[in-house]
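The primary structure of each chain is shown beneath.
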Number of protein chains: 2
Amino acid sequence: MSTHGHPAGRAASGHPLAELTARLRRGERKVTGPRQAILDLLRRSQHPLTRKQVFARLRAGDCDLATVYRSMQVLEEMGIVKRYDFGDGVGRFELVAEGEDGHHHHLICTRCSQVVELDGCFLADLEGRIAERNGFRDISHRLEFFGICPTCQTTVAPAARPPASAGD
Amino acid sequence: MSTHGHPAGRAASGHPLAELTARLRRGERKVTGPRQAILDLLRRSQHPLTRKQVFARLRAGDCDLATVYRSMQVLEEMGIVKRYDFGDGVGRFELVAEGEDGHHHHLICTRCSQVVELDGCFLADLEGRIAERNGFRDISHRLEFFGICPTCQTTVAPAARPPASAGD
DNA sequence: CTGGTTGCAAACAATTTGCAACCCA
DNA sequence: TGGGTTGCAAATTGTTTGCAACCAG
């Protein structure tokens with residue numbers, strides 16, 4: 001497990017659109033225009049997108065905002081996308097590779113909102129220990145890192161805030 | 001560092017109301033009725049509360065909902081409370097002991113929303129490694145654990161959902 | 001064909017803001 | 001007394017839902 005850089009098989013061209021739509025069909029769902037547009041958009045994105053960002057990047061008329069909401073919900077239920085929370089109360093969605101659970105973490109710049117994908121997870125043992133000590137089962141976790149990226153370190157501090165807009 | 005049970009000096013009677021209001025004064029803020037009511041409420045709570053929960057538990061007329069929003073913001077800016085996100089998009093607030101940063105994690109039951117406070121943090125070294133490899137500075141993180149608590153394990157599964165209402 | 005989907009608008013919910021009255025310092 | 005605070009209401013913003021028209025299978 002590496003703890004830096006872009007992941008190997010995730011994001012970008014790693015998901016042919018055809019494979020994604022096939023997953024929809026297999027799940028008894030229809031392959032519609034809006035869904036293809038959304039999947040194609042996520043497919044070409046390296047990092048998680050908010051629903052508003054997805055809507056904004058769609059060509060006007062491609063899909064209604066309400067449909068983006070409904071689609072993300074369906075895709076999440078089917079395990080095709082996974083939702084991440086960067087602590088600002090806005091859900092962000094990322095494609096999950098076929099057959100995987102998509103679990104990984106991010107390093108987010110609190111100045112410019114740049115996102116670094118961190119491969120793998122390093123908390124398996126800790127998680128097990130915590131589950132045991134507290135008698136919990138089916139344990140999981142959410143973990144994200146925040147900091148100032150190299151670029152922003154050389155810049156005069158703008159409006160230091162938790163991650164939010166920047167990419168919109 | 002322990003990884004279980006209720007923390008030693010946090011929560012509950014650990015914060016005399018007088019100490020809290022003193023912190024307000026020191027921060028050039030006024031000690032008002034609503035603020036005292038909110039602080040007293042947080043003081044007696046073992047776990048983080050949402051703004052709506054705070055409002056609901058106040059005696060009617062003690063404070064307006066808009067004031068709860070404004071107060072939590074002031075208290076957060078002053079470092080008197082810290083916000084936690086349990087992944088459901090709802091901010092939860094917990095008092096921070098004088099002079100501390102309040103950093104710790106939670107173990108949340110996804111069935112009944114019970115919260116276990118986990119003392120201390122075990123990611124210092126990992127955090128440093130990640131910062132170094134990616135050239136980030138002022139790094140921090142958010143980490144929460146989820147699972148099924150002992151009680152809910154013996155119960156017929158209700159509406160398994162991410163943590164949300166339950167305590168409202 | 002036909003039921004899952006979508007667009008559109010209305011309904012809800014959560015959070016913010018304007019402003020005059022109020023009250024702590 | 002004066003400026004930070006508050007209550008109340010209206011304005012925003014984010015998310016969900018009802019329903020008739022539509023279209024993928």
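What counts and what doesn't
Residues numbered from 1 in each chain as written. Chains lettered and ligands numbered in written order. Predicted model: local features only at pLDDT ≥ 70, side-chain atom pairs only at ≥ 80, totals over all residues. Heavy atoms only, no water. Pairing = 2+ DSSP bridges. Helix = DSSP H or I, 4+ residues; strand = E, 2+ residues; numbered from the N terminus. Least-squares fit on C-alpha atoms with pLDDT ≥ 70 in both. Contact = heavy atoms within 4.5 Å. Near = heavy atom within 4 Å. Polar contact = N/O pair within 3.5 Å; in protein donor to acceptor, adjacent residues only side chain to side chain. Nonpolar A, V, L, I, M, F, W, Y, C, P; charged D, E, K, R; others polar. Salt bridge = Lys/Arg side-chain N within 4 Å of Asp/Glu carboxyl O. Buried < 20%, exposed > 50% of the residue type's maximum accessible area, 1.4 Å probe, protein only. Buried area = accessible area lost by both parts, 1.4 Å probe. Patch = residues over 30% accessible without salt bridge, like charges linked within 9 Å, V, L, I, M, F, W, Y side chains within 5 Å. Areas by Shrake-Rupley, 256 points an atom, 1.4 Å probe, with all protein chains shown as cover.

**Student:** Which parts of the structure should I look at to understand the sheet that holds strand E2 (residues 81–85) of chain B?
**Tutor:** Working definition: the strands of a sheet are paired by backbone hydrogen bonds and lie parallel or antiparallel to each other. Residues and elements named next belong to chain B. What the 3 strands build is an open sheet, ordered E1-E3-E2; its pairing is antiparallel. The outermost strands of the open sheet, each flanked by one partner alone, are strand E1 (49–50) and E2. As defined by bridge partners, E1 adjoins strand E3 (residues 91–95) across 2 bridges and the pair is classed as antiparallel. Considered in E3, the bridge of Leu49 is made with Phe93.

**Student:** What exactly am I supposed to notice about the relation of the copies chain A and chain B here?
**Tutor:** Expressed as a screw operation, the relation of chain A to chain B combines 0.0 Å of axial shift with a rotation of 180 degrees, fitting to an RMSD of 0.1 Å. Taken together, the rotation and translation relating the two chain copies correspond to the operation of a two-fold axis. Taken as a fraction of all interface residues of chain A, those also at the interface in chain B reach 100%, which identifies the copy contact as same-surface.

**Student:** When you look at the protein's contact with DNA strand C in this model, what are you seeing that I'm missing?
**Tutor:** Close to DNA strand C lie 18 residues; Arg29(A), Lys30(A), Thr67(A), Lys52(B) and Tyr69(B) are nearest. The backbone of Asp64(A) places a nitrogen or oxygen atom 3.0 Å from a phosphate oxygen of DNA strand C. Here a base oxygen of DNA strand C and a side-chain polar atom of Lys30(B) are 3.0 Å apart. Those elements giving two or more residues to the surface near DNA strand C turn out to be helix H2 (33–43) and helix H4 (65–77) of chain A together with helix H3 (51–57) and helix H4 (65–77) of chain B. By residue class, the composition of the surface near DNA strand C is 5 nonpolar, 2 polar and 11 charged.

**Student:** Would you mind going over the pattern of salt bridges with me for this structure?
**Tutor:** When the charged atoms of two side chains lie near each other, side chains of opposite charge can form a pair. All names here are of chain A. Enumeration over the complete set of coordinates arrives at 20 salt bridges over all chains. For Arg83, the salt bridge goes to Glu76, with nearest N and O atoms at 3.3 Å. Judged by relative accessible area, which is 25%, Arg83 ranks as partly exposed. What makes Glu76 partly exposed here is its relative accessible area of 30%.

**Student:** Mind showing me how you'd approach the interface of chain A and chain B here?
**Tutor:** For an interface, size is often stated in terms of accessible area lost upon the parts coming together. The partner chain B presents 37 residues to the 37 residues of chain A that form the contact. Across the chain A/chain B interface, buried area totals approximately 3300 Å², and carbon plus sulfur atoms make up 64% of it. Counting the contacts that link chain A with chain B gives 0 salt bridges. Inspection of the chain A/chain B interface yields 8 residue pairs in polar contact (both at pLDDT 80 or more). At the level of secondary structure, the elements contributing two or more residues to the side of chain A that touches chain B comprise strand E3 (105–109), strand E4 (115–118), helix H5 (124–134), strand E5 (137–148) and helix H6 (150–153) of chain A. Ranked by residues supplied to the side of chain A that touches chain B, first place goes to E5(A) with 12 residues.

**Student:** Just to check I follow, could you spell out a nonpolar patch on the surface for this structure?
**Tutor:** Taken together, the side chains of Phe55(A), Leu65(A) and Tyr69(A) define a hydrophobic patch exposed on the protein surface, amounting to about 250 Å² of accessible area. Structurally, Tyr69(A) is set in helix H4.

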